Amino acid sequence: KSASVTPAQAAPGSTSMVEDEDLLDGVPDDGAGVTDADLFDDEEEVVDEDAGGKRGRQSAADADDAMEPAGLSRALEDDPPERAAAARKSGKRRIIQHVAKEDGGGIDPHDPAEVARRNARASKFGTEAPPPAAAPPTLIGREEVLARAERAKKFGVEKAANPLDAIASAAGGVGKTKEAGLWEKRRDAAADEVPRDEAIYVYGTDRMSTSDLLRYFAAPPGAADTYPPPTYAEWVDDSSAVVVFGSAEAAASALHSTTALLLSLSPDGTAAADAVDALTWRTTPEERAQSGKGLQLLFRRATALEDILYYYYY
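Residues numbered from 1 in each chain as written. Predicted model: local features only at pLDDT ≥ 70, side-chain atom pairs only at ≥ 80, totals over all residues. Heavy atoms only, no water.

Some words on the packing of aromatic side chains
Within the structure shown, the criterion is met by six aromatic pairs. Taken together, a centroid distance of 5.8 Å and an interplanar angle of 90 degrees make the contact between Phe217 and Phe245 edge-to-face. Placement of the pair is Phe217 in the loop between helix H7 (210-216) and strand S6 (232-237) and Phe245 in the loop between strand S7 (240-244) and helix H8 (248-258), with a sequence separation of 28 residues. On the accessibility criterion, Phe217 (0% relative accessible area) is buried. (Phe/Tyr/Trp six-rings, centres within 6.5 Å; stacked < 30°, edge-to-face > 60°. Helix = DSSP H or I, 4+ residues; strand = E, 2+ residues; numbered from the N terminus. Buried < 20%, exposed > 50% of the residue type's maximum accessible area, 1.4 Å probe, protein only.)

As structure tokens, then:
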């Protein structure tokens, strides 16, 4: 055969072949083979599903956190270690207990300092500062409920329209449409349901975060009735959640301090101003109308049935 030339010896524009024998010249026939395992003998470099994959995802998460502006750190932690032993379940499914960080987290768009910063940025760039949130709703309160009942009685209407349905209509209705303000239906508790005295069911939470929800129940400054803050929240669906306190007394105090009586679904329809049972709906007072970010919030004592609904929704 003709002698082969190396690429360096080949004339420009010409082609040549290098035989296998030339490439392997000097390599002993009994040399140890190299396997795939030898190529990946550095354990730290191996990316597997159980270890490396998680490290990679964690690195990406760390990078995202590093890019996050100050003050916008994630406000919530799902199921922190100290609560793992007390995890609750719906059937075989563990209920996620959303809690707020110690510093509360997030940004309150109505905080005077935040409003001032937003206005300063708008002035700097010659633009108009956007509103912090949707306009507060026109609340239907206890007086309106009684007035409607009186009008229905005056005109001989046997079954007056449910004021709770009027609240939903004012929000644009219920459903998965652009016009609807509420995604899910309100759930009224039945008289025979087992109450969760330490928990509050909240409806109209479509535009709220967990941090918003827990912040709502903070004791108002100067309130005569003080109580420990809520422990965590359990989301039932897109429109409702259960806020859990450390005791039944704390939950009752929170309802008294942050909500107002609306109506009762009890057979006789009567309710005392301080009623906080599962059949009594309460709502946002005027001074907190903005809390639902354009939606009127409704409150009642939670029941055990919300756990079952959580299981089917998630």
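As for the nonpolar core
Grouped together as the largest cluster of nonpolar side chains are 22 residues, with contacts concentrated most on Leu164, Val242, Leu262 and Leu298. Broken down by secondary-structure element, the contributors of at least two residues to this core are helix H6 (163-170), strand S5 (195-203), S6, S7, strand S8 (260-264) and strand S10 (298-303). For this core, the element with the highest residue contribution is H6, accounting for four residues. With near-sequence residues (within four places) excluded, Leu298 lies in contact with Leu164, Ile167, Arg186, Tyr201, Val202, Tyr203, Leu262, Trp281, Arg282 and Thr283. Trp235, Ala241, Val243 and Leu297 belong to the second largest nonpolar core, which has 21 residues in total. (Core = buried A, V, L, I, M, F, W, Y, C linked by side-chain atoms within 4.5 Å. Contact = heavy atoms within 4.5 Å.)

A word on the side chain of Arg282
With respect to the helices and strands, Arg282 occurs in strand S9 (residues 280-283). Although Arg282 lies buried, it forms no salt bridge, and the closest oppositely charged side chain, Asp274, sits 6.6 Å away as judged by the N-O distance. Within polar-contact distance, the side chain of Arg282 engages the side chain of Thr259 at 2.7 Å. Among the polar contacts listed, one links the side chain of Arg282 to the backbone oxygen of Ala273, at a separation of 2.9 Å. (Lys, Arg positive; Asp, Glu negative; His and termini not counted. Salt bridge = Lys/Arg side-chain N within 4 Å of Asp/Glu carboxyl O. Polar contact = N/O pair within 3.5 Å; in protein donor to acceptor, adjacent residues only side chain to side chain.)

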